[in-house]
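Examination of the molecular architecture
Residue-level listing of the chains:
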Amino acid sequence: MKKIIVTGCSGFIGSHMSEKLVSEGYFVTGIDNLSTGKIQFMKNFKNKKNFKFIKADLYSSNIKKYFKNHHAVFHFAANADVKDGLKHPEKDLKQNTIVTFKVLEAMRKNKVKNIFFSSTGSIYGEPDKFPTPENYKFPIQTSLYGSSKLACEGLIQAYSEGYKINSFIFRFVSIFGPRYTHGHLYDFYKQLKKNPKKLIVLGDGYQSKSYLNVSDCISAIFKIFKQNKNGTYVYNLGLSKLITVRQSINILIKFLKLSPILKFGREKRGWIGDSPKILLDTKKIKKTGWRPKKTIKESIHETIEYFKNNDWIFKK
């Protein structure tokens, strides 16, 4: 039985990846400090014989010992707070870039030869080509989050080249689905829970992105994992269709049967570093046979249903 490490195993994407790997018969060592992840997200697999949970902080702990005799690492642990990055500029450096360096060092010292990394479409900054391909010209960075993830990619690729580690980097925009706990849909639902008559929106609402369902995200990553490739690879993940913030609001309030007063900002960006448009070219991942199964509207409905049935995620 191959042993796999999943960092951020109690987070949104990490918990889904852990659940998939456990269900497929791999032994999963999950590492998380529970700063943003939830124990409840692991309820479907935390008591399985082929899962071991380690509560540890990847930044401050000596993590080398956890990586011994493992086949691969799925590195999902990160600070995902793009919007407030400028309020705490060290956080992206520490929790994203330095933590990734520590993970790579633990892999090198234990001769772990495969890493699967969740990057972001934000590393493209504000491109002038849509859909944006993986080999797009080196962009000007617009957020600390995006720049920290790009630095992670550079480290991973250098370790891959220098120490013969196989690396698989996945760039995607926001993901929807069960266990989603941050982002505009979460924020809007939380606002409307508090005051169903008014909704404040950052930016003009015309920001457009190709949101992907978490199940489709996991299926793409797992498909690449099963191919047992050697080398360094970068894949965009996403849909070929866009949705604006305004459109997602309409789906949300229609689903909830509400008619709030909408108050939009004047800028085309909700905050510094908010890319007004992200549409990724996914021809490369589709050549593997992968296809997304859920539309953005279906993903929004699924996410709202999860909110309605899991009110506890709004109690912090």
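The structure this text deals with has already been given above.
Residues numbered from 1 in each chain as written. Predicted model: local features only at pLDDT ≥ 70, side-chain atom pairs only at ≥ 80, totals over all residues. Heavy atoms only, no water.

**With respect to the overall build of the protein**
When its secondary structure is counted, the protein shows eight helices and 14 strands. Considering only C-alpha atoms, the protein reaches an extent of 55 × 45 × 40 Å along its principal axes. For the protein, with 316 residues in total, the buried portion stands at 53%. Excluding contacts between residues fewer than 6 apart, the proportion of contacts in the protein whose partners are at least 24 apart in sequence is 80%. Carbon and sulfur atoms make up 51% of the accessible area of the protein, which amounts to about 15000 Å² in all. (Helix = DSSP H or I, 4+ residues; strand = E, 2+ residues; numbered from the N terminus. Buried < 20%, exposed > 50% of the residue type's maximum accessible area, 1.4 Å probe, protein only. Contact = heavy atoms within 4.5 Å. Areas by Shrake-Rupley, 256 points an atom, 1.4 Å probe, with all protein chains shown as cover.)

**Points about the sheet that holds strand β9 (residues 208–209)**
With mixed pairing, three strands are arranged side by side in an open sheet as β12-β9-β14. Sheet topology places β12 (243–244) and β14 (277–278) at the edges, where each strand pairs with a single neighbour. Sheet analysis places β9 next to β12, joined by two bridges and oriented antiparallel. Looking at the pairing, Ser 208 lines up with Thr 244 of β12. (Pairing = 2+ DSSP bridges.)

**Observations regarding unusual backbone geometry**
A negative phi angle characterises most non-glycine residues, just as the trans form characterises most peptide bonds. Each neighbour pair has its own omega, and for Phe 130 with Pro 131 the value is -10 degrees, a cis peptide bond. Within the fold, Pro 131 resides in the loop between β5 (114–118) and α3 (144–163). At Lys 164, a residue that is not glycine, the phi angle is positive and equals roughly 55 degrees. When you line up the elements, Lys 164 lands in the loop between α3 and β6 (166–172). For Arg 179, which is not glycine, the phi torsion reads 80 degrees and is therefore positive. The residue Arg 179 is located in the loop between β7 (175–176) and α4 (184–194) in this model.

**A closer look at the packing of α4 against helix α8 (residues 296–309)**
In the contact formed by α4 and α8, the axes pass within 11 Å of each other and the chain directions differ by 45 degrees. On the basis of the axis angle, α4 is oblique to α8. Crossing angle aside, the handedness with which α4 passes α8 is right-handed. From α4, Leu 185, Tyr 186 and Tyr 189 reach across to α8, where they touch Ile 300, Thr 303, Ile 304, Phe 307 and Lys 308. Looking at the contact of α4 with α8 residue by residue, the classes come out as six nonpolar, one polar and one charged. (Axes fitted to C-alpha atoms, helices over the stretch in contact; angles between N-to-C directions. Parallel < 35°, antiparallel > 145°, perpendicular 65-115°, else oblique. Left-handed = near helix turned anticlockwise from the far one by under 90°. Nonpolar A, V, L, I, M, F, W, Y, C, P; charged D, E, K, R; others polar.)

**Quick word on the environment of Lys 46**
Position of Lys 46 relative to the elements: it lies in the loop between β2 (27–32) and β3 (51–55). Overall, the relative accessible area of 35% leaves Lys 46 in the partly exposed class. Sequence spacing of Lys 46 and Glu 19 is 27 residues, and the spatial spacing of their C-alpha atoms is 8.8 Å. Sequence-distant contacts of Lys 46, that is, excluding residues within four places in its chain, are made with Ile 39 and Phe 51.

**Considering the nonpolar core**
Grouped together as the largest cluster of nonpolar side chains are 59 residues, with contacts concentrated most on Leu 21, Phe 74, Phe 170, Phe 225, Leu 237 and Phe 307. Sorting elements by how many residues they give to this core places helix α5 (residues 214–226) first, with eight residues. Once residues within four sequence positions are removed from consideration, Phe 225 is found in contact with Ile 4, Leu 21, Tyr 26, His 71, Ala 72, Phe 74 and Phe 116. (Core = buried A, V, L, I, M, F, W, Y, C linked by side-chain atoms within 4.5 Å.)

**Observations concerning the pattern of salt bridges**
Tallied over the entire structure, the rule returns 13 salt bridges. In this structure, the salt-bridge partner of Glu 90 is Lys 94, at a minimum N-O distance of 3.1 Å. Here Lys 94 and Glu 90 lie together in helix α2 (residues 89–110), a separation of four residues that amounts to about one turn. With a closest N to O distance of 3.1 Å, Lys 294 and Glu 302 form a salt bridge. If you follow the salt bridges from partner to partner, you end up with Glu 105, Arg 108 and Lys 109 in one network. (Salt bridge = Lys/Arg side-chain N within 4 Å of Asp/Glu carboxyl O.)

**Some details on α2**
Relative to the 32 Å expected for 22 residues at 1.5 Å per residue, α2 spans 31 Å between its end C-alpha atoms, a close match to the ideal helical length. For α2, every residue scored as buried is listed here: Asp 92, Asn 96, Thr 97, Val 99, Thr 100, Val 103, Leu 104, Glu 105, Ala 106, Met 107 and Asn 110. At the C-terminal side of α2, Lys 111 shows a positive phi close to 55 degrees. (Expected span 1.5 Å × (residues − 1).)

**Here we look at the packing of aromatic side chains**
A complete count under the given rule lists 23 aromatic pairs for this structure. Arranged with centres 4.6 Å apart and planes meeting at 10 degrees, the rings of Phe 74 and Phe 116 form a pair that is stacked. Here Phe 74 is found in strand β4 (residues 72–75), whereas its partner Phe 116 is found in strand β5, with 42 residues between them in sequence. An aromatic cluster is defined as three or more aromatic residues linked by ring pairs; in this entry it consists of Tyr 26, Phe 74, Phe 76, Phe 116, Phe 168, Phe 170, Phe 222, Phe 225, Tyr 233 and Tyr 235. (Phe/Tyr/Trp six-rings, centres within 6.5 Å; stacked < 30°, edge-to-face > 60°.)

**Quick look at a nonpolar patch on the surface**
A cluster of nonpolar residues, Leu 86, Leu 144 and Ile 272, forms a patch on the protein surface that exposes about 290 Å² of accessible area. Turning to its location among the elements, Leu 86 is positioned in the loop between β4 and α2. By relative accessible area, which is 55% here, Leu 86 ends up exposed. (Patch = residues over 30% accessible without salt bridge, like charges linked within 9 Å, V, L, I, M, F, W, Y side chains within 5 Å.)

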